[in-house]
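Summary of structural features
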Amino acid sequence: PVCVVAAAGAKVTIDECNQLYHDSSWEEAIACYENLETSAASLFNIGNTYAKIGKTGYAILYYLRAQFLTPDDSDIISNLAHLREAHSLYPPEPSLTDQFFNLLSLSQWSILCLLALVSYLLFILIHLQKRQGKVVEIAVIVICLAGFSVGTAGATIRYKQWQQSVVVADGRLLVSPFASAESTGSIVQGRLVTPLKTYKDYVYIKDEMGRKGWLRNELQIPILADSQ
């Protein structure tokens with residue numbers, strides 16, 4: 001579905017953009033949505049439009065950007081999963097650790113970390129005024145430390161996930177950052193990759209399946225770049 005949320009203060013209205021979408025004026029619709037104030041709705045609609053014209057990589061990129069702003073949106077989750085399935089872009093089976101840390105979003109893990117820290121500081125202030133039993137003191141310290149540690153780990157892992165890039169056009173992985181270099185295999189648009197280092201016009205990446213190689217820089221775009 002196409003969102004119908006108005007973007008306040010924009011030069012054009014989202015209704016005008018939606019009309020271009022329904023008229024199959026895809027390129028004009030994308031330009032129109034990009035003219036709106038950045039929001040989950042506008043990013044989601046750009047993803048929908050790219051999906052319509054077969055630009056899978058860009059569609060996934062914008063769905064992920066929208067999901068970053070609204071992690072629990074069912075329409076975004078559904079469209080993203082459907083597009084990945086339609087193009088056989090299955091991610092690897094997550095480990096138990098990944099499943100656990102994926103239970104909460106980046107902001108939720110950060111809040112847990114902050115709450116644990118604040119709770120500990122409050123306990124210290126209360127403890128200075130009214131001494132608590134040793135058992136209570138140890139229990140509070142252990143609980144707060146566990147909450148802070150788990151929250152920090154969760155926030156770090158989730159943050160790294162959002163530092164990935166999306167391959168926006170089919171390309172070849174190379175053994176070195178030169179056009180004449182041998183290829184180690186192909187990589188299709190829509191794949192998530194982790195940039196490791198760059199050299200001139202190339203970036204050394206690791207994809208979801210663990211493969212590594214050099215890819216032309218313009219073939220991948222960071223999820224969070226210019227998405228806010």
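Residues numbered from 1 in each chain as written. Predicted model: local features only at pLDDT ≥ 70, side-chain atom pairs only at ≥ 80, totals over all residues. Heavy atoms only, no water.

Some remarks on the packing of aromatic side chains
Counted according to the given criterion, the structure contains ten aromatic pairs. Counting every residue linked through ring pairs, the aromatic cluster contains Y50, Y58 and Y62. Here the basic side chain of R65 rests over the ring of Y62, its NZ or CZ set 5.2 Å away from the ring centre. (Phe/Tyr/Trp six-rings, centres within 6.5 Å; stacked < 30°, edge-to-face > 60°. Lys NZ or Arg CZ within 6 Å of the ring centre and 35° of its normal.)

With respect to the layout of surface pockets
For the largest pocket, the calculated volume is near 1,100 Å³. In terms of lining residues, the largest pocket is bounded by 32 residues, among which R84, N102, R158, Q161 and L192 are the most central. For the lining of the largest pocket, the elements supplying multiple residues, two or more each, are helix 4 (56-69), helix 5 (74-86), helix 8 (134-161), strand 4 (192-199) and strand 5 (202-207). Of the residues that constitute the lining of the largest pocket, the class distribution is 16 nonpolar, seven polar and nine charged. (1 Å grid on protein atoms, 1.4 Å probe; cavity = no way out; pocket = protein on both sides within 12 Å on 5 of 7 lines; lining within 4 Å. Points joined across faces, edges and corners; volume = space filled by probe spheres on them. Helix = DSSP H or I, 4+ residues; strand = E, 2+ residues; numbered from the N terminus. Nonpolar A, V, L, I, M, F, W, Y, C, P; charged D, E, K, R; others polar.)

Considering the pattern of salt bridges
Applying the stated criterion across every chain yields a total of three salt bridges. Of the charged contacts in the structure, one is a salt bridge between R216 and E218, with a shortest N-O distance of 2.7 Å. What makes R216 partly exposed here is its relative accessible area of 32%. (Salt bridge = Lys/Arg side-chain N within 4 Å of Asp/Glu carboxyl O. Buried < 20%, exposed > 50% of the residue type's maximum accessible area, 1.4 Å probe, protein only.)

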